[in-house]
Amino acid sequence: MKTALITGGQQGIGLGIAQALHDAGWRIAIASEPPTADLPFDATYHQHDVRYLDAIPALLDAVGPVTTFVSNAGVGALSRGDLLDMTPESFDRCIDINTRGAFFLAQEVARRMLIQPADPFRSISFITSVSATMSNPDRAEYNASKAATAALVQAFALRLATDGIGVYDIRPGIIASPMTAPVADRYTARIPDLIPQARWGQPADIGAVMVPLARGDFAYSTGAVIPVDGGMSIERF
């Protein structure tokens, strides 16, 4: 049975991924800290805060064998502002959730995948961000956490390559979601200049990329970095 575990799958990008995988035939398990609202498809919900590493075994025992893991849960800066005013609290929060929590949950998922059959295809995908390489001094803690996670993706890909487990780094750009809602007006005004395709990204855009990766269509592309940003990260002069 194909089972997808998606952290932060109750809203935004995670929900778009969950919907796409459900429609393609996956059993869906969603792990998130806040209780999930009613979903438009069948899924199991598991309350889980990725910061609490001791809770990882119980989560994975409850979900059962995972063939597709999507590390999506993440947070932004507590407040955007001058880099010189950043607080340790905001920095630590981004690192704890976006990097540390993501790594150790993926680590245990990988350990369990190694003792599962190779069919169906097994994959681990991290939702990082174009911010892993595109700097922004008003939320440097977020950039740092995503850059660190991107480095860990490459390490996972190398470690798991001979075991046939695909590992991918998906980098969204400006996606309509609860995270971007507070700055939506600012982004909307800048999208014609920032994004060659001149539109907001949607959670379904990320979901459309996830399905073929999870299916194994790109099994020989393990470690691939996949921008889903309407061309935003293309270098221009």
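The coordinates are above.
Residues numbered from 1 in each chain as written. Predicted model: local features only at pLDDT ≥ 70, side-chain atom pairs only at ≥ 80, totals over all residues. Heavy atoms only, no water.

**Student:** So what's going on with the pattern of salt bridges? Residues and values would help.
**Tutor:** In total, this model carries 10 salt bridges according to the counting rule given. Note that Asp163 and Arg159 form a salt bridge whose closest N and O atoms lie 3.4 Å from each other. For Asp163, a relative accessible area of 29% translates into the label partly exposed. Residue Arg159 is classed as exposed on the basis of its relative accessible area, which comes to 51%. Its salt-bridge partner being Asp217, residue Arg215 comes within 2.6 Å of it at the nearest N-O pair. For Arg215, a relative accessible area of 47% translates into the label partly exposed. A network of salt bridges, in which partner residues are shared, links Asp61, Glu108, Arg111 and Arg112. (Salt bridge = Lys/Arg side-chain N within 4 Å of Asp/Glu carboxyl O. Buried < 20%, exposed > 50% of the residue type's maximum accessible area, 1.4 Å probe, protein only.)

**Student:** Which residues make up the layout of surface pockets, and what values do they have?
**Tutor:** Unfilled space is identified by rolling a water-sized probe across the atoms. As a volume, the largest pocket reaches approximately 770 Å³. Together, 41 residues line the largest pocket, and Asn72, Ala73, Gly74, Val75 and Met179 are the ones closest to its centre. Mapped by element, the contributors of at least two residues to the lining of the largest pocket are α1 (12-23), β2 (27-32), α3 (88-113) and α4 (140-160). Of all the elements, α1 adds the most residues to the lining of the largest pocket, at three residues. Partitioned by chemical class, the residues of the lining of the largest pocket number 17 nonpolar, 17 polar and seven charged. Estimated volume of the second largest pocket: approximately 210 Å³. If you trace the second largest pocket, you find it lined by Val130, Ser131, Met134, Ser135, Asn136, Arg139, Ile174, Arg186, Tyr187, Arg190, Leu194 and Met232. Here the lining of the second largest pocket is composed, by residue class, of six nonpolar, three polar and three charged. (1 Å grid on protein atoms, 1.4 Å probe; cavity = no way out; pocket = protein on both sides within 12 Å on 5 of 7 lines; lining within 4 Å. Points joined across faces, edges and corners; volume = space filled by probe spheres on them. Helix = DSSP H or I, 4+ residues; strand = E, 2+ residues; numbered from the N terminus. Nonpolar A, V, L, I, M, F, W, Y, C, P; charged D, E, K, R; others polar.)

**Student:** Explain the packing of aromatic side chains to me, using residue names and the numbers behind them.
**Tutor:** Scanning the entire structure with this criterion turns up four aromatic pairs. Residues Phe103 and Phe156 carry aromatic rings whose centres are separated by 5.3 Å and whose planes lie at 40° to one another, so their mutual orientation is tilted. Taken as a pair, Phe103 in helix α3 and Phe156 in helix α4 lie far apart in primary sequence, 53 residues in all. When its relative accessible area of 23% is taken as the criterion, Phe103 is described as partly exposed. (Phe/Tyr/Trp six-rings, centres within 6.5 Å; stacked < 30°, edge-to-face > 60°.)

Spatial relationships are all this shows, so hold off on functional conclusions.
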